[in-house]
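Geometric and topological summary
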Amino acid sequence: MKNDILLKICRQCKAACCRLGGSDVTKSEMNKILNNGQPNYFIKIGSNHYEMKSRKGVCPYLTKDYSCSIHKVRPLMCRCWPVDAEIEDNKKCFYINICPITHLFSDADIIKLKKKLSKVPDAILTCSISNSILSKNDIKLIEERYEKFKTKSLV
């Protein structure tokens, strides 16, 4: 899919997905971002789990023009959007978030994204927002913003 089309759409919606606190990442994803010359906005959560320091619920790598400053090295969870995953009843469950770009993805695209997202370590997905290092105000903002997305379960 053409990145310029996605960027135009994301800018129009003001990158709503990037205003959900930023992604949790593995150590190798964090190092890839840092080795690309980006500032360190990470806090260690576990041995292979880092959380981005949100600024008012916004990913610290989102630019003022609603583009991603780490697009070429963005984490897997960002690469797989609009597909999302959570651990429920000790099982990885997948969802698709309905956002302005969702309609651009074919069923085959969604299946590919789900397969890629299945590689995200369970430890990252089980970290709930309630035990996050984010401030209570940021958590409230993120939860309010996420509620605006409609999600559909994927099998």
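Read on for an overview of the structure.

Thresholds applied
- Residues numbered from 1 in each chain as written.
- Predicted model: local features only at pLDDT ≥ 70, side-chain atom pairs only at ≥ 80, totals over all residues.
- Heavy atoms only, no water.
- Salt bridge = Lys/Arg side-chain N within 4 Å of Asp/Glu carboxyl O.
- Helix = DSSP H or I, 4+ residues; strand = E, 2+ residues; numbered from the N terminus.
- Buried < 20%, exposed > 50% of the residue type's maximum accessible area, 1.4 Å probe, protein only.
- Pairing = 2+ DSSP bridges.
- Phe/Tyr/Trp six-rings, centres within 6.5 Å; stacked < 30°, edge-to-face > 60°.
- 1 Å grid on protein atoms, 1.4 Å probe; cavity = no way out; pocket = protein on both sides within 12 Å on 5 of 7 lines; lining within 4 Å.
- Points joined across faces, edges and corners; volume = space filled by probe spheres on them.
- Nonpolar A, V, L, I, M, F, W, Y, C, P; charged D, E, K, R; others polar.

Remarks on the pattern of salt bridges
In this structure the tally under the stated criterion is two salt bridges. Residue Arg11 pairs with Asp65 through a salt bridge whose shortest N-O separation is 2.8 Å. Note that Arg11 is positioned in helix H1 (residues 3–12) and Asp65 in the loop between strand E3 (49–52) and helix H3 (76–79), a separation of 54 residues in sequence. Judged by its relative accessible area of 35%, Arg11 is partly exposed. With its nearest N and O atoms 3.1 Å apart, the salt bridge here joins Lys92 to Asp122. In this pair, Lys92 is assigned in strand E5 (residues 91–98) and Asp122 in helix H5 (residues 122–126), connecting sequence segments 30 residues apart.

Considering the sheet that holds strand E1 (residues 24–25)
With antiparallel pairing, the three strands of this open sheet are ordered in space as E1-E3-E2. With partners counted over all chains shown, the strands left at the sheet margins are E1 and strand E2 (42–46), one partner each. Taken together, the four bridges between E2 and E3 define a ladder with antiparallel strand orientation. Within E3, the position partnered with Phe42 by the bridge is Met52.

As for the packing of aromatic side chains
Counted according to the given criterion, the structure contains two aromatic pairs. Aromatic pair Tyr41 and Tyr61: ring centres 5.1 Å apart, planes at 70 degrees, arrangement edge-to-face. Of this pair, Tyr41 sits in the loop between helix H2 (27–35) and E2 while Tyr61 sits in the loop between E3 and H3, and the two are 20 residues apart along the sequence. For Tyr41, a relative accessible area of 24% gives the class partly exposed. Tyr61 gets classed as buried once you look at its relative accessible area, which sits at 1%. Considering the side-chain rings of Phe42 and Tyr61, the 6.0 Å spacing of their centres and the 35 degrees angle between planes classify their relative orientation as tilted. Here the residue Phe42 occupies a position in strand E2, and Tyr61 occupies one in the loop between E3 and H3, the gap between them amounting to 19 residues.

Here we look at empty space enclosed by the protein
In this structure the tally under the stated criterion is one cavity of 30 Å³ or more. Of the voids in this model, the largest cavity is the one considered here, and its volume is about 40 Å³. Every residue along the wall of the largest cavity is listed here: Cys10, Cys13, Cys17, Trp81, Cys99, Pro100 and Ile101. Of the residues assigned to the lining of the largest cavity, the class counts are seven nonpolar, no polar and no charged.

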